[in-house]
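# Geometric and topological summary
Listed here are the chains, written in short residue letters.
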Amino acid sequence: MTEPFRARVAVRWSDQDLNGHVNNARVATLLEEARLAWRAQALTGYDHVDSPTVVAALQLSFRRPIEFGPAVEIDVWVSRVGSTSYTLHYSGKQAGHAVLDASTVMVPVHPVHGTARLLDAEERSSLDRWFMADAMPQRQQQKGTA
């Protein structure tokens, strides 16, 4: 994969805090919306409805406040595929400015037992299509700008 998945996520009026910026907890919701859009594309042909996937870890770095107005463009790509988990990376821009970098460790769980389950071959194939090692697509585009 040479290009990440790009999701345009709307910022809602209710996402703001008292300072007029998007609340930090709401930024996690913006990431969730981008992840769900990516998942709908990434796992095509795979029936994942009966096999939930949970966020086991979230790392989020704010690069600039997100404000109400323009949508946030969030790039999503896979940076690691393990036996029972995979890592998604995110890079977000709003109005041409880098606003966030993030990652989530995703774990598919057994629908009955609630424990981590092995990724199957079809899932791995789908994830491999979005694999980009050590890439930060939107950050790379920011080099040389103030």
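The structure we're discussing is the one just above.
As the structure is a prediction and not an experimental result, all values here were calculated from the model. (Residues numbered from 1 in each chain as written. Predicted model: local features only at pLDDT ≥ 70, side-chain atom pairs only at ≥ 80, totals over all residues. Heavy atoms only, no water.)

Now for the sheet that holds strand 5 (residues 97–108). Strands belonging to one sheet form pairs held by backbone hydrogen bonds; the direction of such a pair is parallel or antiparallel. Spatially, the five strands line up as an open sheet ordered 1-3-4-5-2, and their pairing is antiparallel. Each edge of the open sheet is held by one strand with a lone partner, namely strand 1 (5–9) and strand 2 (53–62). Taken over all neighbouring pairs, the strand axes of this sheet differ in orientation by 25 degrees on average, direction set aside. As paired strands, strand 4 (residues 86–94) and strand 5 are joined by nine bridges and run antiparallel to one another. Residue Gly92 lies in a different strand from strand 5, and its bridge partner there is Leu100. Contacts between helix 2 (residues 121–128) and the sheet are confined to strand 3 (72–81), strand 4 and strand 5, with strand 3 contributing the most and set at about 130 degrees to the helix. (Pairing = 2+ DSSP bridges. Helix = DSSP H or I, 4+ residues; strand = E, 2+ residues; numbered from the N terminus. Axes fitted to C-alpha atoms, helices over the stretch in contact; angles between N-to-C directions. Contact = heavy atoms within 4.5 Å.)

Right, let's get into the pairing of strand 1. Side chains Phe5, Ala7 and Val9 project from strand 1 onto a buried face, and the interleaved Arg6 and Arg8 project onto a face without burial. Strand direction decides the pairing type here: strand 1 and strand 3, joined by five bridges, are antiparallel. Counted as the bridge partner of Ala7 is Ile74 from strand 3. (Buried < 20%, exposed > 50% of the residue type's maximum accessible area, 1.4 Å probe, protein only.)

As a further point, take the nonpolar core. By size, the foremost hydrophobic cluster in this structure holds 27 residues, and its most contacted members are Trp38, Ile66, Ile74, Val76, Leu88, Tyr90 and Leu100. Within the residue set of this core, elements represented by two or more residues are strand 1, helix 1 (24–42), strand 3, strand 4 and strand 5. Counting residues per element, this core draws most heavily on helix 1, at six residues. The residues contacting Val76, other than those within four sequence positions of it, are Pro4, Phe5, Ala34, Trp38, Leu88, His89 and Tyr90. (Core = buried A, V, L, I, M, F, W, Y, C linked by side-chain atoms within 4.5 Å.)

Let us look at helix 1. The terminal C-alpha atoms of helix 1 lie 27 Å apart, and with 19 residues this matches the ideal 27 Å at 1.5 Å per residue to within 8%. The complete set of buried residues in helix 1 reads Val27, Leu30, Leu31, Ala34, Arg35, Trp38, Arg39 and Ala42. For helix 1, the secondary structure elements touched by its buried residues are strand 1, strand 2, strand 3, strand 4, strand 5 and helix 2. For helix 1, the N-terminal cap is Asn23; the gap from its side-chain oxygen to the backbone nitrogen of Ala25 is 2.7 Å. (Expected span 1.5 Å × (residues − 1). Polar contact = N/O pair within 3.5 Å; in protein donor to acceptor, adjacent residues only side chain to side chain.)

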